[in-house]
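Residue-level listing of the chains:
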Amino acid sequence: MHILQNLVQMTGQRDHLRLELSVLSTFMQLPGVTNVRALELVEMDSGHWVRARTWLQDGQLVSSTQDVVSDTKRLPLRDMLHLHTCITQQMQHLQHSAHADQHVIWLPVWMHEKARVCLEVTQSEPFTPHSLDVITGIFSVYQNYQSLLDYSERDALTGLLNRKTFDEHLLRFATAAQADHSDEMPWLAVIDIDHFKLVNDRFGHLFGDEVLILVANLLRSAFSAQHRIFRFGGEEFVVLMPAAHKAKAHASLEAFRAMVASHNFPQIGRVTVSVGFAGAKLCSPVEILGQADQALYYAKENGRNQVCHFEQLQDQGLLHNAQVSHDDVELF
Ligand SMILES: Nc1nc2c(ncn2[C@@H]2O[C@H](COP(=O)(O)OP(=O)(O)OP(=O)(O)O)[C@@H](O)[C@H]2O)c(=O)[nH]1
């Protein structure tokens with residue numbers, strides 16, 4: 001009965017992290033379960049890494065406030081031998097008995113043949129067919145519900161994140177940077193396709209859609225799993241970039257701009273983008289978006305196909321004629 005109540009609570013969640021806490025606390029209700037963790041898997045610096053994102057501490061489940069890049073406790077995936085096997089062989093789950101009273105099962109969440117999260121359940125007794133059925137059953141409910149949540153957070157045309165979860169992601173990026181205390185900060189970039197109306201007018205809406213999909217693919221290949229890429233609607237994209245020095249953020253946006261400009265779009269040929277970016281500090285999302293939008297507006301007014309930085313334009317006193325009132329900024 002407890003489990004049923006937990007499942008009801010689990011499927012009432014509207015947020016991935018709360019859903020994760022909920023499924024782990026459901027596992028904790030099972031007899032013999034002594035430990036649970038949610039492990040985050042990430043590919044960076046041409047290696048695979050793993051770190052605990054949610055774990056049990058003094059009987060309470062806690063989640064990391066750091067992002068995976070700044071988490072010094074992350075390990076190379078190959079250091080966790082069994083998990084490494086489970087992931088590289090794309091297994092649905094894998095069990096291992098480390099000691100007579102320590103039996104572990106890993107349950108990776110597969111999405112488009114990639115696993116970004118893996119749940120780990122440890123119990124004091126060996127797994128029986130019944131306990132395995134219960135664990136994998138709960139995991140299936142969790143996985144189905146997670147993909148439903150994921151679907152509702154994505155833009156149907158490009159598969160990028162939609163506007164819905166933007167504020168939450170922004171807050172997480174800004175808070176993680178505060179905890180880090182370094183002089184690096186996260187960045188927010190607004191990217192807009194130049195003269196997109198002309199593409200639609202000349203080639204038709206279907207070709208316009210094709211350009212949106214191709215630009216979304218270029219965004220995915222230019223930015224890593226640590227970035228968050230959104231389509232806010234129309235031909236406007238937003239990228240949340242993890243903490244970095246301004247020069248590094250500028251260079252990666254510039255590399256993306258150049259990548260689009262040199263891409264051969266079938267039938268259409270050349271397409272360019274303009275980019276405005278600003279520091280993603282702990283202030284309101286509307287304020288930060290407004291700043292990045294002002295820089296974008298400046299880029300559009302001054303030749304397009306370029307990357308402009310809000311604070312730099314402001315310091316140079318160049319924003320007087322490019323002020324965008326917040327009423328004009330198309331946010332939703
Ligand atoms: N194909 C397609 N077009 C879209 C979609 N959403 C918005 N649009 C079109 O995007 C165009 C946006 O045009 P504008 O905002 O005038 O800007 P622009 O032509 O890109 O010019 P600049 O931004 O000034 O460089 C409009 O023609 C919209 O109809 C979509 O989902 N698919």
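If you look the protein up in an unreviewed UniProt entry, it shows as diguanylate cyclase from Comamonas jiangduensis. According to its UniProt record, the protein has this under Catalytic activity (unreviewed entry): "2 GTP = 3',3'-c-di-GMP + 2 diphosphate".

A.B. asks: Just to check I follow, could you spell out the nonpolar core for this structure?
C.D. replies: Soluble globular proteins: nonpolar side chains tend toward being buried together. Core analysis: the biggest nonpolar cluster contains 30 residues, and Ile-193, Val-211, Leu-219, Phe-237, Phe-256 and Phe-265 have the highest contact counts within it. No other element matches the seven residues that helix H7 (residues 205-222) contributes to this core. In contact with Leu-219, not counting residues within four places along its chain, are Leu-160, Ile-191, Ile-229, Phe-237, Val-239 and Phe-256. Within the second largest apolar cluster, 24 residues are counted, among which are Val-33, Leu-119, Ile-138 and Phe-139.

A.B. asks: Is there a simple way to explain the site of the ligand in this structure?
C.D. replies: Within the structure, the ligand sits among 16 residues, and His-195, Phe-196, Lys-197, Asp-209 and Arg-304 are positioned closest to it. With respect to the ligand, the backbone of Ile-193 contributes an N or O atom lying 3.3 Å from an oxygen atom. Note that an oxygen atom of the ligand is positioned 2.8 Å from one of the backbone N or O atoms of His-195. Broken down by element, the shell around the ligand gets its largest block of residues, four residues, from H7. Counted by class, the shell around the ligand contains three nonpolar, five polar and eight charged residues.

A.B. asks: Explanation requested: the domain arrangement of the protein in the structure shown.
C.D. replies: Interfaces are often described in size by the accessible area the parts lose on coming together. Looking at the assigned domains, one finds that the protein contains domain 1 (2-152) and domain 2 (163-322). Here the C-alpha centre of domain 2 lies 33 Å away from the C-alpha centre of domain 1. On the side of domain 2, eight residues touch domain 1, which itself brings eleven residues to the contact. Carbon and sulfur atoms supply 48% of the area that domain 1 and domain 2 bury against each other, a total of about 720 Å² over both sides. Seen at the junction of domain 1 and domain 2, the total is zero salt bridges. The interface formed by domain 1 and domain 2 holds one residue pair in polar contact (both at pLDDT 80 or more) in total. Tallied by class, the residues present in the side of domain 1 that touches domain 2 amount to five nonpolar, three polar and three charged.

A.B. asks: Is there a simple way to think about helix H1 (residues 2-10) in this case?
C.D. replies: Quick reminder: α-helices carry 3.6 residues per turn. Residues three or four places apart thus point the same way. Restricting attention to buried positions, one finds in H1 the residues Asn-6, Leu-7 and Met-10. Considered in projection along H1, the buried side chains sweep an arc of 100° and stay on one side of the axis.

A.B. asks: Even after reading the chapter, I still don't get the packing of H7 against helix H8 (residues 246-261), so can you show me in this structure?
C.D. replies: The axes of two packed helices give the description: the angle between them and the distance between them. Remark: H7 packs on H8, axes separated minimally by 10 Å, with the N-to-C direction vectors making an angle of 140°. In terms of axis orientation, H7 runs oblique to H8. At the point where H7 passes H8, the crossing takes the right-handed sense. Here Val-215, Leu-218, Leu-219, Ser-221 and Ala-222 of H7 lie close against H8, whose contacting residues are Phe-256, Met-259 and Val-260. Classifying every residue of the contact of H7 with H8 gives seven nonpolar, one polar and no charged.

A.B. asks: Can you walk me through the sheet that holds strand S8 (residues 185-193) in this structure?
C.D. replies: Across a sheet, strands are paired by hydrogen bonds formed along the backbone, either parallel or antiparallel in direction. Across the sheet, five strands lie side by side as S9-S10-S8-S11-S12; this open sheet has mixed pairing. Looking at strand neighbours, the two that pair on one side only are strand S9 (228-233) and strand S12 (307-309), the edges of this open sheet. Neighbour to neighbour, the strand axes of the sheet diverge by 20° on average, direction disregarded. Strand direction decides the pairing type here: strand S11 (residues 273-279) and S12, joined by three bridges, are parallel. Pairing of Phe-277 across the sheet is with His-309, part of S12. In the packing of H7 onto the sheet, contacts are made with S8, S9 and strand S10 (236-244), and the angle to S10 comes to roughly 5°.

A.B. asks: Would you take a moment to explain the side chain of Arg-53 for this structure?
C.D. replies: Relative to the elements of secondary structure, Arg-53 occurs in strand S2 (residues 47-57). Within the local environment of Arg-53, its side chain forms a polar contact with the side chain of Glu-20, the two groups lying 2.5 Å apart. Residue contacts for Arg-53: discarding those within four places in its chain leaves Leu-17, Glu-20, Ala-38, Leu-39, Glu-40, Val-62, Ser-63, Ser-64 and Val-117.

A.B. asks: Can you help me understand the pairing of S9 in this one?
C.D. replies: Where S9 meets S10, five bridges bridge the pair, whose relative direction is antiparallel. What sits directly across from Arg-228, in S10, is Leu-240. Counted along the chain from S9 to the antiparallel partner S10, the turn is two residues long, and its residue Gly-234 has a positive phi close to 55°.

A.B. asks: Please explain the UniProt feature "domain: GGDEF" (unreviewed entry) in the protein as it appears in this structure.
C.D. replies: This chain's UniProt record puts "domain: GGDEF" (unreviewed entry) on residues 184-312. A distance of 16 Å separates the end C-alpha atoms of residues 184-312, which is 48% helix and 26% strand.

A.B. asks: How do you make sense of the packing of aromatic side chains when you look at a structure like this?
C.D. replies: Given two aromatic rings, one states the distance between the centres and the angle between the planes to describe the pair. Taken as a whole and judged by the stated rule, the model has seven aromatic pairs. Seen from their ring centres, Phe-139 and Tyr-142 are 6.0 Å apart, and the 40° between their planes marks the pair as tilted. Here the residue Phe-139 and the residue Tyr-142 both occupy positions in helix H4 (residues 129-152), the gap between them amounting to three residues, near one helical turn. Arranged with centres 6.5 Å apart and planes meeting at 50°, the rings of Phe-203 and Phe-207 form a pair that is tilted. What makes Phe-203 partly exposed here is its relative accessible area of 31%.

What counts as what
Residues numbered from 1 in each chain as written. Predicted model: local features only at pLDDT ≥ 70, side-chain atom pairs only at ≥ 80, totals over all residues. Heavy atoms only, no water. UniProt positions renumbered as here; feature names shortened; annotations may be inferred. Core = buried A, V, L, I, M, F, W, Y, C linked by side-chain atoms within 4.5 Å. Buried < 20%, exposed > 50% of the residue type's maximum accessible area, 1.4 Å probe, protein only. Helix = DSSP H or I, 4+ residues; strand = E, 2+ residues; numbered from the N terminus. Contact = heavy atoms within 4.5 Å. Near = heavy atom within 4 Å. Polar contact = N/O pair within 3.5 Å; in protein donor to acceptor, adjacent residues only side chain to side chain. Nonpolar A, V, L, I, M, F, W, Y, C, P; charged D, E, K, R; others polar. Domains from an automatic or database assignment. Buried area = accessible area lost by both parts, 1.4 Å probe. Salt bridge = Lys/Arg side-chain N within 4 Å of Asp/Glu carboxyl O. Arc of directions from axis to C-beta. Axes fitted to C-alpha atoms, helices over the stretch in contact; angles between N-to-C directions. Parallel < 35°, antiparallel > 145°, perpendicular 65-115°, else oblique. Left-handed = near helix turned anticlockwise from the far one by under 90°. Pairing = 2+ DSSP bridges. Phe/Tyr/Trp six-rings, centres within 6.5 Å; stacked < 30°, edge-to-face > 60°.

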